[in-house]
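Coordinates in review
Chain by chain, the residues:
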Amino acid sequence: MFRQAKWPLKNVFEYRLDEEPISKYIDIEELSKYIPKRLIRRSKINFPKLSEFDVVRHYTRLSQHNYGVDLGIYPLGSCTMKYNPRFNEHVASTFTFKDIHPDTPEKYVQGVLEIIYELSGFLASLTGMDYFSLQPAAGAQGEFVGVLIMKKYFEMIGEERDEIIIPDTAHGTNPASARMGGFKIIEVPSDNRGMLSLSMIKNVVGDRTAGLMLTNPNTLGIFEEDILEIADFLHENGSLLYYDGANLNAIMGWIKPGDMGFDIVHVNLHKTFSTPHGGGGPGAGPVGVKKHLRDFLPVPIVEKEGDRYKLVWDLRHTIGKVHSYFGNFLVLLRAYLYIRLMGFDGLKKASSIAVLNSNYVFKKVRNLRGVSPYPDNDKFRMHEFVISLDKLKRDTGVSARDFSKRIIDYGVYAPTTYFPLIVPEALMIEPTETVSKDALDTYIDVLSKVVEEAYDEPSKVINSPVNTSVGRIDEAYGSRLKTFKPTFRWKGLRR
Ligand SMILES: *Cc1c(COP(=O)(O)O)cnc(C)c1O
């Protein structure tokens, strides 16, 4: 039988704190037993008076002012902003994984340990390493772990080595990590090929050389050709070789750092293995080592005994723990799923398309007016490439920053700007494999258009962006204060 509701029905939001004094509803004397009296609010809260619908509209509009990988090409060199399959996100958000308490005893989370174990094995196959720790939460933390392993290794064998060699084409985190580990940085310049040469290495290697940290492909997007000779030479000197494998997207399935003679490597799961990233994580920067360095890894690592998986804590020279529990497990899970979805052949193909896309764009933009490739040679580029707008700036007054801001006006994302530091007016472009040829062509058109504008009407480029909700920000002020006051230009929905 249907029962009629009593009239009038009471509003469930009876307490309107913004309109009436709080004492009407709360016994202040009673409350002051728990909260100091001076902290208890007496007056009304000054909430903005907005309807729920206004709030929904506000946030929906804000969400549409953001540009992201899901909206279009995001060719941020060095950052590998590629598509993140929704399947991974779905699995990572199911309670089966998401809600596991990290203190659950080993025997109840055999499946989780299996994933960590298997993923370590996949990464070992892809990099040619023997053991992995999946704990580090980012590439930079992986580097720091690698550096600490080097340090402990030389302590253990009783050698005083306090120098690490880093080429000028390394990622900026390399010298920072080595310095944090207490090493002196010996910087070596790249040659006119954009590479490191054995003769330059010979100039700086000595009995204090702990090792070399190499980003490969380097930040110019060029594969280091002399790496085998360099590796042999350093090993003969008793030094270790560290491979910054954040750029694994360029070489997966084709070539392995382990085969090139490297002792330690880190990879960036959030870049190559499809975790949404940018804006601070979470990420994962697993570190792999050759057999002789296994005992230095952070603990615990996961190993298999019979058909059981177990946590191994007693590594003899371990540098300790670098992350609570097992690292960022949900990032590890996404990487595991991605590798299983792609298979090694799929990964290999992904790398080849990433390199193909990059070279396609490179060929089209390297000859634009005012643009020069860096280095200015015909070397094959890998998954990313660098151009310099030095000439364009001298001709027109338009800087790389102006240029990038104008690109945004056309509804696509700007490349990495002013990095690497050795390139004047640098733009670093990495399209990735998950961009269609149409999108690449559109991007190339935008770059050509902005070059034309720079020569015809430079003020247009210099005063950009004009189509975005936030104009230029005061970057110096922003980085000093960690907050900034952008000038907002609310224009409603754009896309
Ligand atoms: C991104 C990147 C890093 C740093 O990785 P984070 O996860 O951002 O700390 C290191 N080296 C290279 C080559 C990179 O591209």
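Thresholds applied
- Residues numbered from 1 in each chain as written.
- Predicted model: local features only at pLDDT ≥ 70, side-chain atom pairs only at ≥ 80, totals over all residues.
- Heavy atoms only, no water.
- Helix = DSSP H or I, 4+ residues; strand = E, 2+ residues; numbered from the N terminus.
- Buried < 20%, exposed > 50% of the residue type's maximum accessible area, 1.4 Å probe, protein only.
- Contact = heavy atoms within 4.5 Å.
- Areas by Shrake-Rupley, 256 points an atom, 1.4 Å probe, with all protein chains shown as cover.
- Lys, Arg positive; Asp, Glu negative; His and termini not counted.
- Charge placed at Lys NZ, Arg CZ, Asp CG, Glu CD.
- Pairing = 2+ DSSP bridges.
- Axes fitted to C-alpha atoms, helices over the stretch in contact; angles between N-to-C directions.
- Near = heavy atom within 4 Å.
- Polar contact = N/O pair within 3.5 Å; in protein donor to acceptor, adjacent residues only side chain to side chain.
- 1 Å grid on protein atoms, 1.4 Å probe; cavity = no way out; pocket = protein on both sides within 12 Å on 5 of 7 lines; lining within 4 Å.
- Sits in = over half its atoms within 2 Å of the grid points.
- Nonpolar A, V, L, I, M, F, W, Y, C, P; charged D, E, K, R; others polar.
- Domains from an automatic or database assignment.
- Phe/Tyr/Trp six-rings, centres within 6.5 Å; stacked < 30°, edge-to-face > 60°.
- Lys NZ or Arg CZ within 6 Å of the ring centre and 35° of its normal.
- Parallel < 35°, antiparallel > 145°, perpendicular 65-115°, else oblique.
- Left-handed = near helix turned anticlockwise from the far one by under 90°.
- Patch = residues over 30% accessible without salt bridge, like charges linked within 9 Å, V, L, I, M, F, W, Y side chains within 5 Å.
- Salt bridge = Lys/Arg side-chain N within 4 Å of Asp/Glu carboxyl O.

Quick word on the overall build of the protein chain
Looking only at helices and strands, the protein chain features 16 helices and 13 strands. With respect to the three principal axes, the spread of C-alpha positions in the protein chain is 90 × 70 × 50 Å. Looking at the 495 residues of the protein chain, the share that counts as buried comes to 49%. A separation threshold of at least 6 residues defines the contact pool for the protein chain, and within that pool the share at least 24 residues apart is 68%. Looking at the protein chain as shown, the accessible area adds up to about 25100 Å², and 55% of this sits on carbon and sulfur atoms. The average position of the 63 basic charges and that of the 61 acidic charges among the side chains of the protein chain differ by 8 Å.

Overview of the sheet that holds strand β11 (residues 385–388)
The strand order across the open sheet built from 4 strands is β10-β11-β13-β12, with neighbouring strands paired in antiparallel fashion. The open sheet terminates on both sides in strands that have one partner only, identified here as β10 (372–374) and β12 (416–417). Across 4 bridges, β11 lies against strand β13 (residues 426–429) in antiparallel orientation. Bridge pairing links Ile-387 to Leu-427 in β13. Packed onto the sheet, helix α11 (residues 329–365) meets β10 and β11 and runs at close to 15 degrees relative to β11.

Observations regarding the site of the ligand
Around the ligand there are 14 residues in total, and Gly-139, Ala-140, Asp-244, His-270 and Lys-271 lie nearest to it. Between an oxygen atom of the ligand and a main-chain N or O atom of Ser-78, the distance comes to 2.9 Å. In this structure, Asn-268 approaches the ligand through a side-chain N or O atom, which is 3.0 Å from an oxygen atom. In isolation the ligand exposes 380 Å². Once the protein is present, 85% of that is buried. When atom positions are compared with the pocket grids, the ligand is found to occupy the second largest pocket. Breaking the shell around the ligand down by element, the ones donating at least two residues are α6 (139–156) and α10 (269–272). Counting residues per element, the shell around the ligand draws most heavily on α6, which supplies 3 residues. Residue classes in the shell around the ligand are distributed as 3 nonpolar, 8 polar and 3 charged.

Side note on the domain arrangement of the protein chain
With domains assigned, the protein chain is organised as domain 1 (9–49), domain 2 (86–342) and domain 3 (348–480). Domain 1 and domain 3 are separated by 55 Å when their C-alpha centres are compared.

A few points about the packing of aromatic side chains
Going through the model one piece at a time under the given rule, you end up with 13 aromatic pairs. Linked through ring pairs, Tyr-67, Tyr-74 and Tyr-413 together constitute an aromatic cluster. In this structure, Lys-348 is placed above the aromatic ring of Trp-254, and the distance from its NZ or CZ to the ring centre is 4.4 Å.

Some thoughts on the sheet that holds strand β3 (residues 184–188)
Read from one edge of the open sheet, 7 strands run β1-β7-β6-β5-β4-β2-β3, paired in mixed fashion. Either end of the sheet is taken by a strand with one partner, and the two such strands are β1 (131–133) and β3. The average undirected angle you get between the axes of adjacent strands in this sheet is 25 degrees. Direction of pairing for strand β2 (residues 163–167) relative to strand β4 (residues 209–215): parallel, over a ladder of 3 bridges. Across the sheet, the residue bridging to Glu-163 is Thr-209, located in β4. The strands that helix α5 (residues 110–127) touches are β1 and β6 (264–267); relative to β1, the one it contacts most, it runs at about 120 degrees. Strands β2, β4, β5 (240–245), β6 and β7 (287–289) of the sheet are contacted by α6, whose axis makes an angle of about 175 degrees with β5.

A word on the packing of α11 against helix α14 (residues 437–456)
Contact geometry of α11 with α14 gives a least axis separation of 10 Å together with a crossing angle of 30 degrees. Our classification of the angle between α11 and α14 gives roughly parallel. With respect to the hand of their crossing, α11 and α14 are arranged in right-handed fashion. Of α14, the residues touching α11 (which contributes Asn-357, Tyr-360, Val-361, Lys-364 and Val-365) are Lys-437, Leu-440, Asp-441, Ile-444 and Leu-447. Across the contact of α11 with α14, the residue classes break down as 6 nonpolar, 1 polar and 3 charged.

Section: a nonpolar patch on the surface
Together, Leu-50, Val-55, Tyr-59 and Leu-62 line one region of the surface with nonpolar side chains, adding up to about 360 Å² of accessible area. With respect to the secondary-structure elements, Tyr-59 resides in helix α2 (residues 52–64). Judged by its relative accessible area of 53%, Tyr-59 is exposed.

What to know about the pattern of salt bridges
Applying the stated criterion across every chain, the model contains 28 salt bridges. Residues Asp-402 and Arg-472 are paired through a salt bridge, measuring 2.9 Å at the closest nitrogen-oxygen approach. Here Arg-472 lies in the loop between α15 (458–462) and α16 (475–481) and Asp-402 lies in helix α13 (residues 400–409), a separation of 70 residues in the sequence. On the accessibility criterion, Arg-472 (29% relative accessible area) is partly exposed. Note that Glu-453 is salt-bridged to Lys-449, the shortest N-O span being 3.9 Å. With a gap of 4 residues between them, Glu-453 and Lys-449 both fall in helix α14, about one helical turn apart. A single network of salt bridges, built from pairs that share partners, joins Glu-160, Asp-162, Lys-184 and Arg-208.

Structural notes on the environment of Ala-414
Relative to the elements of secondary structure, Ala-414 occurs in the loop between α13 and β12. With 15 residues separating them in the primary sequence, Ala-414 and Ile-429 have C-alpha atoms 8.7 Å apart.

Here we look at the side chain of Arg-366
With respect to the helices and strands, the residue Arg-366 is situated in the loop between α11 and β10. Given the relative accessible area of 13%, Arg-366 is considered buried. At 3.2 Å, the side chain of Arg-366 forms a polar contact with the side chain of Asp-378. When neighbours within four sequence positions are excluded, Arg-366 is seen to be in contact with Val-371, Ser-372, Pro-373, Asp-376, Asn-377 and Asp-378.

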